[in-house]
Amino acid sequence: RPMMRNAKAKTVLLVVVALVLLVLHLFKDLRADKKSAHLRAGVSKGNRAITTVTRHKRLWPRCKRNTAVFNITGFGSLPENIKDFLYYRHCRHFPMLLDVPDKCGGAAKSAEVFLLLVVKSSPLNYDRREVLRKTWAAERLHKGVWIRRIFISGTRGEGHEKRRTNSLLELEQREYRDILQWDFSDSFYNLTLKQILFLEWMERNCPGARFLLNGDDDVFAHTDNMVEYLQSLRGNDGSQHLFIGHLIQNVGPIRTPGSKYFIPVQVQESDSYPPYCGGGGFLLSGFTASVIYNMSQSVTILPIDDVYMGMCLAKAGLGPASHMGVKTAGLYLPSEKLDVYDPCFYEDILLVHRFLPAQLYHMWNRVHDPDLTCSTKTLKQ
């Protein structure tokens, strides 16, 4: 009998263990189903903000380097960055890591965006993006029209470094929903690629935006003044040509190998550039942005992005124009005794290049100080 009782006890124990394992298995399946449903529905704000890479990889397979460039005369003597550019010059489509397709309220409602701020920003420039969000790039209603903001970026580094940097952008995206990121190296010679990818995104998601500011993340942009200037244009609500900034003309490629802007004949044979506006910042209409995108489909990529925009305009029979309020070469003062950071020199300006984050934050708040009094107008200089 003791043996029978032990056998029964063992049987009961085995049944209990089996039931426990079954319950745990069912619970695990239930959690997996819930997680799967959560991901499919995109319940969290972060999931809505971050578009996965997988879908885009199906659309755009990895671009292979063009080995035919070995046959270009003098290719072997070129700097490595120029060689790398020529290897992948033909590549125009890259996986998108971060997207905000509804930034403009959807394509149908995008005409409600009066001024879209398109800011070129390296993934590493977190401090600059944070300051811009609190100053001139703040999304807001000004003079009855909407200002919206988007940062455009690639990737930096390899392996762990790249993953950490991308993770930082994902955190920003969850909070602000204002970053477009593609999986290409964010380097100086890829700025043109960044512009083309953005214009493609705009054609798809924000075709009705009236005007754009296209600029760097180290400029001081008086976006209030920009809105007022654009509203003063007669006969142009964004549906006509507009491209203004610091006009540069009668120049050509720099052939000096040590220069940041070095363009050898293997990249461009012509010794002249069409007129263009300095890439630190310029204003353009939605109409002109669409024209540039269409022209870019048949204009060979040049690594100098502002020159490339001028090339696309020239192909369309259009041109850029100068605006005295855009100072991408910096602010000129007639005397060294004057303070270059006196807010009175900026209250009527549109854009000035080269500001550190702290300087930018300080200047934005100073020019909006209700107690600021100025005796001269800077745009008369």
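Residues numbered from 1 in each chain as written. Predicted model: local features only at pLDDT ≥ 70, side-chain atom pairs only at ≥ 80, totals over all residues. Heavy atoms only, no water.

The protein chain goes by Hexosyltransferase in an unreviewed UniProt entry, where it is assigned to Tetraodon nigroviridis. Checking UniProt for the protein chain, the heading Sequence similarities (unreviewed entry) contains the comment "Belongs to the glycosyltransferase 31 family." In its Pathway (unreviewed entry) section, UniProt records this for the protein chain: "Protein modification." (UniProt positions renumbered as here; feature names shortened; annotations may be inferred.)

## A few points about the sheet that holds strand 14 (residues 351-352)
The 3 strands lie next to each other as 7-14-13, forming an open sheet whose pairing is mixed. The two strands at the open ends of the sheet, each matched to only one other strand, are strand 7 (220-221) and strand 13 (326-327). Of the pairings in the sheet, the one linking strand 13 to strand 14 comprises 2 bridges and is parallel in character. Among the inter-strand pairings, Lys327 is bridged to a residue of strand 14, identified as Val352. (Pairing = 2+ DSSP bridges. Helix = DSSP H or I, 4+ residues; strand = E, 2+ residues; numbered from the N terminus.)

## Looking at helix 5 (residues 126-134)
What helix 5 keeps buried is the set Arg129, Glu130, Val131, Leu132 and Arg133. Among the structural elements, strand 2 (113-120), strand 4 (145-155), helix 6 (159-176), strand 5 (179-185) and helix 11 (357-367) are those in contact with the buried residues of helix 5. (Buried < 20%, exposed > 50% of the residue type's maximum accessible area, 1.4 Å probe, protein only. Contact = heavy atoms within 4.5 Å.)

## Some words on the pattern of salt bridges
The tally for this structure, following the rule as stated, stands at 17 salt bridges. Ionic pairing is found between Arg140 and Asp224, a salt bridge with its closest N-O pair at 2.8 Å. Pair noted here: Arg140 is in strand 3 (residues 140-142) and Asp224 is in helix 8 (residues 223-231), with a separation of 84 residues, a long-range link. We note that Arg140, like Asp224, is buried. In this structure, Lys194 and Asp186 form a salt bridge, with 2.9 Å as the shortest nitrogen-oxygen distance. By relative accessible area, Lys194 is classed as buried at 1%. Overall, Asp186 belongs to the buried group, its relative accessible area being 8%. Via salt bridges that share partners, Arg129, Glu130, Arg133, Arg149, Glu172 and Asp178 belong to a single interconnected network. (Salt bridge = Lys/Arg side-chain N within 4 Å of Asp/Glu carboxyl O.)

## Some thoughts on the side chain of Glu172
Looking at the secondary structure, you find Glu172 in helix 6. For Glu172, a relative accessible area of 2% puts it in the buried group. At 2.8 Å, the side chain of Glu172 and the side chain of Arg129 are in polar contact. With near-sequence residues (within four places) excluded, Glu172 lies in contact with Tyr126, Arg129, Arg133, Arg177 and Ile179. (Polar contact = N/O pair within 3.5 Å; in protein donor to acceptor, adjacent residues only side chain to side chain.)

## Looking at the pairing of strand 11 (residues 281-285)
The buried fraction of strand 11 amounts to 5 of the 5 residues, a majority that puts the element mostly inside the structure. Here strand 11 shows a buried face lined by Gly281, Leu283 and Ser285 and a second buried face lined by Phe282 and Leu284. Pairing of strand 6 (residues 211-216) with strand 11, which is carried by 5 bridges, proceeds in the antiparallel orientation. Note on strand 11: the bridge partner recorded for Asn214 is Phe282.

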